[in-house]
Amino acid sequence: MGKKLLWIVIAVLGVACGEIAYLSLKPPKVAAPKEIKVELTPERVARGKYLVDAVGGCVDCHSIVDETKFAAPSVPGGYLKGRVMAKELGLPGEFSAANLTPDPETGIGKWSDGQVIRAIREGIGHDNRVLFPFMPYTEYKSMSDADVESIVAYLRSIPAARNSLPPSKIAFPVGLFIKTVPEPVAKVAEPNHGNAVEYGKYLTTIAGCKSCHTPVDRGAPVPGREFAGGHEFGAGAMKAVSYNLTPDNSTGLGTWTEEQFLKKFHDYKEYAEKGPPPVTAENWTVMPWLGYSQLERDDLKAIFAYLKTVPAISNAVETRPGAKKDKTKGHL
Ligand code: HEC
Ligand code: HEC
């Protein structure tokens with residue numbers, strides 16, 4: 001190794017070590033959980049169910065699912081019972097998505113409402129641990145107070161199910177780097193449901209559309225390419241690439257009508273109700289279509305209205321590169 005190169009290596013390692021030392025000492029921003037007792041009104045429980053099942057995707061990560069079926073539906077009796085995240089996801093460590101049923105020993109039964117709310121929006125677990133941001137609290141931080149309280153009301157209303165999970169183990173030094181991610185959230189006002197673009201933006205944020213539909217480079221979203229699609233997902237031989245959701249006329253949603261957009265989602269209702277078909281290279285996906293198929297018409301209209309306002313970016317995406325025939329082209 002040349003002397004110059006050696007010095008560069010030492011300098012780089014020095015910075016990395018310095019950073020690690022700094023982060024080890026720096027405590028995460030942790031606020032005390034709110035002192036709150038959420039009232040279990042029927043309206044709240046219903047709204048919470050909609051957010052958990054259709055909008056927020058909680059059910060997809062926090063249930064025992066059947067990966068051999070399209071869009072991995074929950075198995076009977078596995079709903080919100082929690083699970084160990086699959087190795088194929090390539091996460092830095094071993095992660096258990098918590099049992100969200102009210103079981104006092106293995107679920108959220110003994111956690112206060114404030115603790116559950118803080119975990120969802122601020123990424124601090126019931127035990128004051130920094131949660132790995134694969135749990136999308138960086139998006140849920142935009143969730144209104146009423147919505148996050150509705151989620152708590154709903155989770156308290158479902159039957160308790162025992163399922164003990166191993167604690168999450170995060171690989172070094174990732175645990176240090178994520179310490180800066182959680183942020184305390186004070187109050188989040190209700191978005192204006194009467195303004196389609198504003199409410200659509202809200203739903204798009206808490207549904208996580210942007211994080212999957214923005215390309216990533218070394219784990220970080222590429223600036224200026226928001227919603228342009230091209231984020232690649234895979235598991236073994238299966239591959240899917242997210243679509244361009246910007247209003248570009250030839251490669252994005254520009255030429256889609258509102259009806260086509262709604263139909264795309266509601267076509268999956270049949271699968272959600274009767275059970276989806278087996279996974280193939282033609283239909284494999286990570287997009288939670290079964291939950292989203294339950295999105296109400298007005299909510300999908302709002303999401304579509306908002307997506308029409310984001311800057312158009314030209315980016316042609318082949319959504320199923322491994323498939324013989326890309327069935328998703330069916331929309332045009
Ligand atoms: C993409 C997958 C994913 C989605 C979607 C998701 N979670 Fe999580 N969640 C996780 C994982 C993984 C963890 C554990 C993280 C860790 O241990 O570092 C977690 C942790 C939690 C915790 C904290 C448990 C504790 O120890 O205190 C709560 C509460 C929670 N999630 C609720 C929700 C709710 C409610 C939703 C929907 C609004 C949701 N999650 C959506 C993956 C997900
Ligand atoms: C977990 C990642 C993920 C999330 C969250 C997600 N998508 Fe997708 N989406 C994908 C992938 C991957 C594809 C391509 C494969 C497929 O069509 O299922 C896709 C495809 C699509 C398509 C194109 C379907 C076609 O006909 O080609 C639309 C439209 C879409 N997503 C809209 C959305 C909207 C709106 C949201 C938020 C409500 C969203 N997606 C959230 C990953 C995601």
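1. Points about the pattern of salt bridges
- The final tally for this structure, using the stated rule, is 16 salt bridges.
- Salt-bridge contacts for R297 lead to E259; the nearest nitrogen and oxygen are separated by 2.9 Å. Taken as a pair, R297 in helix 13 (residues 297-307) and E259 in helix 10 (residues 258-266) lie far apart in primary sequence, 38 residues in all.
- On the basis of relative accessible area, E259 is assigned to the partly exposed category, the value being 44%.
- For K274, the salt bridge is made with E270, and the minimal N-O distance between the two is 3.9 Å. Remark: E270 and K274 occur in helix 11 (residues 269-274); sequence separation between them is four residues, near one turn of the helix.
- Residue classification places K274 among the exposed residues on the basis of a relative accessible area of 70%.
- Residue classification places E270 among the partly exposed positions, given a relative accessible area of 47%.
- Through salt bridges with shared partners, one network takes in K37, D113 and R156.

2. Looking at the site of ligand 2
- Near ligand 2 you find 26 residues, and of these C209, C212, H213, T285 and M287 are the closest.
- The separation between an oxygen atom of ligand 2 and a polar side-chain atom of W289 is 2.8 Å.
- Going through the elements one at a time, helix 9 (209-213), strand 8 (238-241), helix 10 and helix 12 (289-292) are the ones with two or more residues in the shell around ligand 2.
- Of the residues belonging to the shell around ligand 2, the class tally is 17 nonpolar, seven polar and two charged.

3. Overview of the coordination of the iron atom of ligand 2
- Within the protein, the iron atom of ligand 2 binds to H213 (NE2) and M287 (SD); these donor distances fall in the range 2.0 Å.
- Here the iron atom of ligand 2 binds six donor atoms, and the angle range of 87 to 179° at the metal identifies the geometry as octahedral. Here H213, found in helix 9, pairs with M287, found in the loop between helix 11 and helix 12; they are 74 residues apart in sequence, far enough to count as distant. There is no split in this pair, since H213 and M287 are both buried.

4. Quick look at helix 4 (residues 113-122)
- Extensive coverage of helix 4 is indicated by the burial of 10 of its 10 residues.
- Every buried residue of helix 4 is accounted for by D113, G114, Q115, V116, I117, R118, A119, I120, R121 and E122.
- Residues of helix 4 that are buried sit in contact with helix 5 (137-140) and helix 6 (145-157).
- Once helix 4 finishes, G123 follows within two positions and takes phi at roughly 75°, a positive value.

Rules used in this analysis
Residues numbered from 1 in each chain as written. Chains lettered and ligands numbered in written order. Predicted model: local features only at pLDDT ≥ 70, side-chain atom pairs only at ≥ 80, totals over all residues. Heavy atoms only, no water. Salt bridge = Lys/Arg side-chain N within 4 Å of Asp/Glu carboxyl O. Helix = DSSP H or I, 4+ residues; strand = E, 2+ residues; numbered from the N terminus. Buried < 20%, exposed > 50% of the residue type's maximum accessible area, 1.4 Å probe, protein only. Near = heavy atom within 4 Å. Polar contact = N/O pair within 3.5 Å; in protein donor to acceptor, adjacent residues only side chain to side chain. Nonpolar A, V, L, I, M, F, W, Y, C, P; charged D, E, K, R; others polar. Donors = N, O, S within 2.8 Å, 3.2 Å for Na, K, Ca; no water. Tetrahedral: all angles 85-135°; square planar, octahedral: opposite > 155°, others 65-115°. Contact = heavy atoms within 4.5 Å.

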